[in-house]
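Coordinates in review
In case you want the letters, here they are:
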Amino acid sequence: MSTGAELNASMLDRIRHDLVGLRMPRALEALDHIVRRLEHGEIGALEAVDILLSEELTLRENSRIKTALRMGRLATIKTLAGFDFTFQPSLDRDRILTLAQLGFVARGEVVHFLGPPGTGKSHLATALGVEAVKAGRSVYFCTLADLLASLARSEREGRLQERIRFFCRPVLLIVDEIGYLPVVHDGGNLFFQLVNARYERGSMILTSNRGFAEWGEVFGDAVVATALLDRLLHHAVVVQIEGSSYRLRQHAELMPEHVRSKAVLTAPGPVADAKRRGRPPKNGHASHMGAPA
Ligand code: ADP
Ligand code: MG
């Protein structure tokens, strides 16, 4: 007759074998430690099962999130926890935290973040995207320039509708940096086709350093801009940030006082941008500091 210890050992072997078969690597890894705690009377049998399963679940959840963030092009991870609301007093913290509850995603609404460069528009858009990914929603992040380049390429290849369907798939589409660069020829039209396809179906977050009144100029076509805004403002939340640049603050702190006060008068980069409230020069290229991070 086999001893209790032998029985335990063969049962553990079987469990290990099953965990491999079930593809539960984290549970397999944690098994010995959990059994030891069980033998020492630190935990009961139910708790042991609970810990084993939740270890595996946590691993799966983390890798799901990692994959979804990569697929959604949310490369630079910004979080709401990492956002300093005291630096941006014009911003209603509760309003942002409400957005993080993702009701706007469920309702297919559009959130606009408007404000000068460096005020945290991309940060907040990304952070809300991260929240949506964590909640299991599909998200895709792109800049307007990248989106339009992609749509234009697909149109040349005769696959525009396919590409529009691709950008309609994510429940939340984030389009960053509207207004930094001039929209290429026909770009407004392509963007309109996408916006129209997503209208009342999928949610969007848009960020812009230009007011809505300037969209005619941004898209080089007043009619297209009006049609875009008609859709994009219908079920919309507009968050206007009125503060100063966080980037500039960091630079200012690195500079000695006498340079700093001079910089405020003469610096061609960040300060000039802040004064222009992000309007790119007429040649269409944002200056190096105004250029989006
Ligand atoms: P915008 O898109 O409005 O130009 P960003 O969101 O890219 O500005 O912000 C510029 C940089 O400053 C980013 O690295 C961002 O994480 C950081 N930042 C901006 N505002 C804040 C803030 N209030 N708290 C913490 N970091 C911030
Ligand atoms: Mg930005």
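Looking at an unreviewed UniProt entry, one finds the protein chain named IS21-like element helper ATPase IstB, with Acidisoma silvae as its source organism. Word for word, the UniProt comment on the protein chain under Sequence similarities (unreviewed entry) is "Belongs to the IS21/IS1162 putative ATP-binding protein family."

The secondary structure content of the protein chain amounts to 14 helices and 5 strands. Taken across its 293 residues, the protein chain has 42% of its residues classed as buried. In the protein chain, the proportion of contacts linking residues at least 24 apart, taken out of those at least 6 apart, comes to 77%. Split by element, the accessible area of the protein chain, about 16400 Å² in all, is 56% carbon and sulfur.

What follows concerns the site of ligand 1. In the neighbourhood of ligand 1, 15 residues make up the surrounding shell, with Asp-84, Gly-118, Lys-121, Ser-122 and His-123 lying closest. Between ligand 1 and the protein, one listed contact pairs a nitrogen atom with a backbone N or O atom of Asp-84 at 2.7 Å. The fraction of the free accessible surface of ligand 1 (550 Å²) that becomes covered by protein chains is 90%. Broken down by secondary-structure element, the contributors of at least two residues to the shell around ligand 1 are α6 (121–134) and α12 (246–254). When residues in the shell around ligand 1 are grouped by element, the largest group, 3 residues, is from α6. Looking at side-chain class alone, the shell around ligand 1 contains 5 nonpolar, 6 polar and 4 charged residues.

Here we come to the side chain of Gln-88. Residue position: Gln-88 is located in the loop between α3 (45–71) and α4 (93–99). Judged by relative accessible area, which is 2%, Gln-88 ranks as buried. Within the structure, Gln-88 has its side chain in polar contact with the backbone oxygen of Thr-119 (distance 3.4 Å). Non-local contacts of Gln-88, meaning those with residues more than four positions away in its chain, are made with Thr-119, Ile-241, Gly-243 and Ser-244.

Take the packing of aromatic side chains next. Under the defined criterion, the tally for this structure stands at 8 aromatic pairs. Plain terms: the ring middles of Tyr-140 and Phe-166 are 5.5 Å apart, the flat faces sit at 80° to each other, and that makes the pair edge-to-face. Here Tyr-140, found in strand β2 (residues 139–143), pairs with Phe-166, found in helix α8 (residues 160–168); they are 26 residues apart in sequence, far enough to count as distant. Overall, Phe-166 belongs to the partly exposed group, its relative accessible area being 25%.

With that out of the way, let us pick up unusual backbone geometry. The phi dihedral of Glu-177 falls on the positive side, at around 65°, and the residue is not glycine. As for its placement among the helices and strands, Glu-177 is situated in strand β3 (residues 172–178). Judged by its relative accessible area of 12%, Glu-177 falls in the buried class.

Okay, the side chain of Arg-210 next. Mapping Arg-210 onto the fold places it in the loop between β4 (203–208) and α10 (215–219). For Arg-210, a relative accessible area of 6% corresponds to the buried category. A distance of 3.3 Å separates a polar atom in the side chain of Arg-210 from the backbone oxygen of Gly-179.

Here we take up the pattern of salt bridges. Note that side chains of opposite charge can pair when their charged atoms are close. Inspection of every chain in the model, using the stated rule, returns 14 salt bridges. Its salt-bridge partner being Glu-42, residue Arg-37 comes within 3.2 Å of it at the nearest N-O pair. Several salt bridges converge on common partners, so that one network encompasses Asp-13, Arg-16 and Asp-32.

It is worth spelling out the sheet that holds β2 at this point. Spatial ordering of the open sheet is given by β2-β3-β4-β1-β5, a layout of 5 strands whose pairing is parallel. Two strands lie at the open edges of the sheet, namely β2 and β5 (236–240), each paired on one side alone. If you compare each strand with its neighbour and ignore which way they point, the axes differ by 15° on average. Of the pairings in the sheet, the one linking strand β1 (residues 110–114) to β4 comprises 5 bridges and is parallel in character. Across the sheet, the residue bridging to His-112 is Leu-206, located in β4. Contacting β3 and β4, helix α9 (residues 187–198) crosses the sheet at an angle of about 145° to β4.

Rules used throughout
In this convention, every chain numbers its residues from 1, walking through the sequence in written order. Note on labels: chains are lettered from A, ligands numbered from 1, in written order. Reporting in this predicted model follows two pLDDT cut-offs: at least 70 for local features of residues, and 80 or more for side-chain atom pairs to be given and counted; totals over whole chains, interfaces and linings ignore these cut-offs and use all residues. Side-chain figures throughout are based on the complete set of non-hydrogen atoms in the structure, without hydrogens or water. UniProt positions are given in the numbering used here, feature names are shortened, and annotations may be inferred rather than shown by experiment. Strands are runs of DSSP state E lasting at least 2 residues, helices are runs of H or I lasting at least 4, and numbering of each runs from the N terminus. Three labels apply to residues, based on accessible area from a 1.4 Å probe with only protein chains included: buried if under 20% of the type maximum, exposed if over 50%, partly exposed otherwise in between. Whether two residues are in contact is decided by their heavy atoms, any of which lying within 4.5 Å being enough. Only the protein chains shown count as cover for residues, and all accessible areas are computed by the Shrake-Rupley method using a 1.4 Å probe. Nearness of a residue to a molecule or strand requires only that one of the residue's heavy atoms be within 4 Å of it. Side-chain atoms alone can form a polar contact between residues adjacent in sequence; in general such a contact is a pair of N or O atoms within 3.5 Å, and within protein one must be able to donate a hydrogen while the other accepts it. Gly falls in the polar group here, along with every residue not listed as nonpolar (Ala, Val, Leu, Ile, Met, Phe, Trp, Tyr, Cys, Pro) or charged (Asp, Glu, Lys, Arg). Two rings belonging to Phe, Tyr or Trp (six-membered ring only in the last case) form a pair when the distance between their centres is within 6.5 Å. Interplanar angles under 30 degrees mark stacking, angles over 60 mark edge-to-face geometry, and anything in between is tilted. Only one rule defines a salt bridge in this text: a Lys or Arg side-chain nitrogen within 4 Å of an Asp or Glu carboxyl oxygen. One bridge is not enough; two strands pair if DSSP finds at least two bridges between them. Angular values range over 0 to 180 degrees, each being the angle between N-to-C directions of two axes fitted as lines to C-alpha atoms, with helices fitted over their stretch in contact.

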